[in-house]
Amino acid sequence: MKTSHYVIGSLLAAGLLFIAPACAATYGSRSDHGRDYRSDSQRRAFASGQSEGLKNGRSDAEKGHRFEYEQHDAYRDADKGYNRRDGDRDEYRESFRKGFMQGYNDAYRANERDNDRRSRQR
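Residues numbered from 1 in each chain as written. Predicted model: local features only at pLDDT ≥ 70, side-chain atom pairs only at ≥ 80, totals over all residues. Heavy atoms only, no water.

Caption draft 1: Spatial organisation of the nonpolar core. Counting 11 residues, the largest nonpolar core is built from Ala-45, Ala-61, Tyr-69, Tyr-75, Ala-78, Tyr-82, Tyr-92, Phe-96, Phe-100, Tyr-104 and Tyr-108. Looking at this core, the element that brings in the most residues is helix α4 (residues 89-121), giving five residues. Residues contacting Ala-78, with those up to four places away along its chain left out, are Asp-73, Tyr-92, Arg-93, Phe-96 and Arg-97. (Core = buried A, V, L, I, M, F, W, Y, C linked by side-chain atoms within 4.5 Å. Buried < 20%, exposed > 50% of the residue type's maximum accessible area, 1.4 Å probe, protein only. Helix = DSSP H or I, 4+ residues; strand = E, 2+ residues; numbered from the N terminus. Contact = heavy atoms within 4.5 Å.)

Caption draft 2: Structural view of the packing of aromatic side chains. Using the criterion set out here, one finds 10 aromatic pairs in the structure. Ring centres 5.1 Å apart and planes at 70° place the aromatic pair Tyr-69 and Tyr-75 in the edge-to-face group. Tyr-75 shares its class with Tyr-69; the two are buried. With 5.9 Å between their ring centres and 15° between their planes, Tyr-104 and Tyr-108 make a pair best called stacked. Of this pair, Tyr-104 and Tyr-108 both sit in helix α4, four residues apart, which is roughly one turn of that helix. Pair check on accessibility: Tyr-104 and Tyr-108 agree, each one buried. Among the aromatic residues, those joined into a ring-pair cluster are Phe-67, Tyr-69, Tyr-75, Phe-96, Phe-100, Tyr-104 and Tyr-108. Positioned above the aromatic ring of Tyr-75, the side-chain terminus of Arg-97 is 5.7 Å from the ring centre. (Phe/Tyr/Trp six-rings, centres within 6.5 Å; stacked < 30°, edge-to-face > 60°. Lys NZ or Arg CZ within 6 Å of the ring centre and 35° of its normal.)

Structure representation (structure tokens):
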């Protein structure tokens, strides 16, 4: 009976010797899962920026301000909604600003088209 315990223990120890290096080799490396998370973070940053851009673009157009998304603090800071778990802050900011520009442009231009239609209907 003691012999079978030694054999089983030896097999388990040998198995760990083969598994441990494989696990250690993947620890901390970028895997597909890491890229998916980063992409998810960038999508959230883009959506957050787009939402802010829509609000600011609509407001500027309604007030008759010039088309200038760069003037807004939200665009310059570009970190609304950022969390350390989102990874690199500069990558987050880049995605946020892209979303902001798109949202701002969409809202500002839509308001211009609406104003043009209203003025033609008078």
